[in-house]
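Fold and contact review
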Amino acid sequence: MTTDTTSPQSPEAAVVPPSGPAPSQRVPQGHKRLLTRRDRITLAFMAGVPTVLHVLLVWVTALASIALAFTSWDGIGFDSIKWVGLDNFRQLFTDNPQFWPAVEHNVIWFVVLIAIPTPLGLFLAVQLDKNIRFSRVYQTAFFLPVVVSLAVTGFVWQLVYNPDTGLINSLIGANKPGHYIDWIGDPKLNLWAVLIAASWRHTGYMMILYLAGLKGVDPSLREASSLDGANEWQTFKNVIFPTLRPTNTVVLVVTIIEALRAFDLVFVFNKGAQGTELLSILITNNIIGESSRIGYGSAIAVVLLVISLVVIIPYLIATFRKERRA
């Protein structure tokens, strides 16, 4: 009978370390950088250049206009700048025969845009929201004037209003000698002619804004109104339109801004003469006109800036309050 002379091994002895060099352990080196140096340079360039341009072209020019509004300067040499205080504003409000008509025309511009193209844009948005056939084609056709430059729009409408070969005079038979209707040269007609062109463009803008608002309406509201027996008009008046309150606020602010910054169409039509005076036209004529009066033109720009801030600041305050509540 043989006996096992092998002694039992302990667990520590049973574990044999692997031959060869020991594997190196990875030492934590902190957070790994997500952006390389090239990425940081590119990001700084993409964010820095627009910021610098915005500061130079918006803030610096705005502050310079405010400062120059209290001076008299013809634009030739900085040594010719003279401090005149409030004389530019005093002359603007009392001695300029074009200022108050320009303010009146800007107000008329706003009233027409809010009264005609805004409801028409809402009507088109409601119809297109029904998912009718070729709705994409209709949206593109109505929004196309918004994409086209205002200067190009002005040239197109000049052809429409041409006394000899224009579309309107040809349709109504007013393109014959003795029967001409000068839509652009007549001071009683030219402002309304420009407003028709502006309304044609503004309608597509309003349509897109309202269409975006209608897409955000909860479909259950329509279903509940239908179950209650409301017809289409009652549903829109009592259910849909109240939910468009944020969109209406945006539309109002956008329309006011459009009325205040109106320039391109009028300048292309007749350069703001003979009944189409606007504040923006007066600013341009005084700053870069034949007799450059940069201080006086800056005073008009400051008045336009104040009017704009009266509208924009309450809108921003209301927007920030809603964000805080949310």
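Residues numbered from 1 in each chain as written. Predicted model: local features only at pLDDT ≥ 70, side-chain atom pairs only at ≥ 80, totals over all residues. Heavy atoms only, no water.

**Notes on the packing of helix H5 (residues 117-128) against helix H9 (residues 190-215)**
Heads up, the rule is: An axis is simply a line fitted to the C-alpha atoms; with a helix, the fit covers only the stretch in contact. Between two such axes, the angle follows the N-to-C directions and lies from 0 to 180 degrees. Only runs of H or I of at least four residues qualify as helices and only runs of E of at least two qualify as strands under DSSP, and these elements are numbered from the N terminus. The scheme is simple: roughly parallel for angles under 35 degrees, roughly antiparallel for over 145, roughly perpendicular for 65 to 115, oblique for anything else. By the definition used in this description, the sense in which the near helix is turned from the far one sets the handedness, with an anticlockwise turn below a right angle giving left-handed and a clockwise turn giving right-handed. We call two residues in contact whenever any of their non-hydrogen atoms come within 4.5 Å of each other.
For the pair H5 and H9, interaxial distance at closest approach is 7 Å and the crossing angle is 45°. Between H5 and H9, the angle is such that the two are oblique. Of the two possible hands of crossing, H5 and H9 adopt the one that is right-handed. Contacts between H5 and H9 involve Pro117, Thr118, Leu120, Gly121, Leu122, Leu124, Ala125, Val126 and Leu128 from the former and Ser199, His202, Thr203, Met206, Met207, Tyr210, Leu211 and Leu214 from the latter.

**Considerations on a positive patch on the surface**
Stated formally: Exposure above 30% relative accessible area and no salt bridge define the residues that can form patches, which grow by joining like charges within 9 Å and nonpolar side chains of Val, Leu, Ile, Met, Phe, Trp and Tyr within 5 Å. Residue exposure ignores everything except the shown protein chains as possible cover, and the areas themselves are Shrake-Rupley values with a 1.4 Å probe. By definition here, a salt bridge exists when the distance from a side-chain nitrogen of Lys or Arg to a carboxyl oxygen of Asp or Glu is within 4 Å. Positive: Lys, Arg. Negative: Asp, Glu. His and the chain ends are not part of the count. Charge positions come from single atoms, namely NZ of Lys, CZ of Arg, CG of Asp or CD of Glu.
A cluster of like positive charges, contributed by Arg245, Arg321, Lys322, Arg324 and Arg325, occupies part of the molecular surface. No other element matches the 4 residues that helix H15 (residues 294-325) contributes to the positive patch. One can find lysine 322 in helix H15.

**Structural notes on the packing of aromatic side chains**
Threshold: In this scheme Phe, Tyr and Trp rings, the latter by its six-membered ring, pair at centre separations within 6.5 Å, and the angle between planes marks the pair as stacked below 30 degrees, edge-to-face above 60, and tilted otherwise. By definition here, charges over rings are those cases where NZ of Lys or CZ of Arg is within 6 Å of the ring centre and within 35 degrees of the ring normal.
Enumeration over the complete set of coordinates arrives at 13 aromatic pairs. Relative to phenylalanine 89, the ring of phenylalanine 70 lies with its centre 5.5 Å away and its plane at 50°, an arrangement referred to as tilted. Here the residue phenylalanine 70 occupies a position in the loop between helix H2 (37-68) and strand S1 (71-72), and phenylalanine 89 occupies one in helix H3 (residues 87-94), the gap between them amounting to 19 residues. An aromatic cluster is present here, built from Trp157, Tyr161, Trp183, Trp200 and Phe269 joined pairwise through their rings. One Lys or Arg, arginine 293, reaches over the ring of tyrosine 296 and ends 4.2 Å from the middle of that ring.

**Some remarks on the UniProt feature "transmembrane region" (unreviewed entry) in the protein chain**
What counts here: UniProt positions are given in the numbering used here, feature names are shortened, and annotations may be inferred rather than shown by experiment.
The UniProt entry lists residues 41-70, 107-128, 140-160, 191-212, 250-269 and 294-317 under the feature "transmembrane region" (unreviewed entry), expressed in the numbering used here. Helix makes up 90% of residues 140-160 and strand 0%, whereas the separation of the span's terminal C-alpha atoms amounts to 22 Å. Between the first and last C-alpha atoms of residues 250-269 the distance is 29 Å; the span itself is 85% helix and 0% strand.

**Topic: helix H7 (residues 150-160)**
Formally: We call a residue buried when its accessible area falls under 20% of the maximum for its residue type, exposed when it is over 50%, and partly exposed in between, using a 1.4 Å probe and counting protein chains only. Starting at the helix axis, one direction is taken to each C-beta atom, and the arc is that of these directions. Each polar contact in these results corresponds to two N or O atoms within 3.5 Å; when the atoms are within protein, one needs to be able to donate a hydrogen and the other to accept it, and residues that are neighboring in sequence are counted only if both atoms are side-chain atoms.
Listed in full, the buried residues belonging to H7 are Leu150, Thr153, Gly154, Trp157 and Val160. Considered in projection along H7, the buried side chains sweep an arc of 110° and stay on one side of the axis. Each element contacted by the buried residues of H7 is listed here: helix H6 (135-147), helix H8 (167-172), H9 and helix H13 (264-270). Two or three places before alanine 151, at the opening of H7, serine 149 has a side-chain oxygen 3.3 Å from that residue's backbone nitrogen.

**Re the side chain of threonine 118**
Relative to the assigned elements, threonine 118 resides in helix H5. A polar contact is formed between the side chain of threonine 118 and the backbone oxygen of leucine 113, at a distance of 2.8 Å. When near neighbours in sequence (up to four residues on either side) are disregarded, threonine 118 contacts Leu113, His202, Met206, Tyr210, Val251 and Thr255.

**Digging into the pattern of salt bridges**
With the rule as written, the count across this model stands at 6 salt bridges. Between aspartate 129 and arginine 222 there is a salt bridge, and its shortest N-O distance comes to 3.0 Å. Placement of the pair is aspartate 129 in the loop between H5 and H6 and arginine 222 in helix H10 (residues 219-227), with a sequence separation of 93 residues. For aspartate 129, a relative accessible area of 15% translates into the label buried. Residues glutamate 258 and arginine 201 are paired through a salt bridge, measuring 3.8 Å at the closest nitrogen-oxygen approach. In this pair, glutamate 258 is assigned in helix H12 (residues 245-260) and arginine 201 in helix H9, connecting sequence segments 57 residues apart. Residue classification places arginine 201 among the buried positions, given a relative accessible area of 12%. Within the structure, one salt-bridge network assembled from shared partners comprises Asp129, Lys215 and Arg222.

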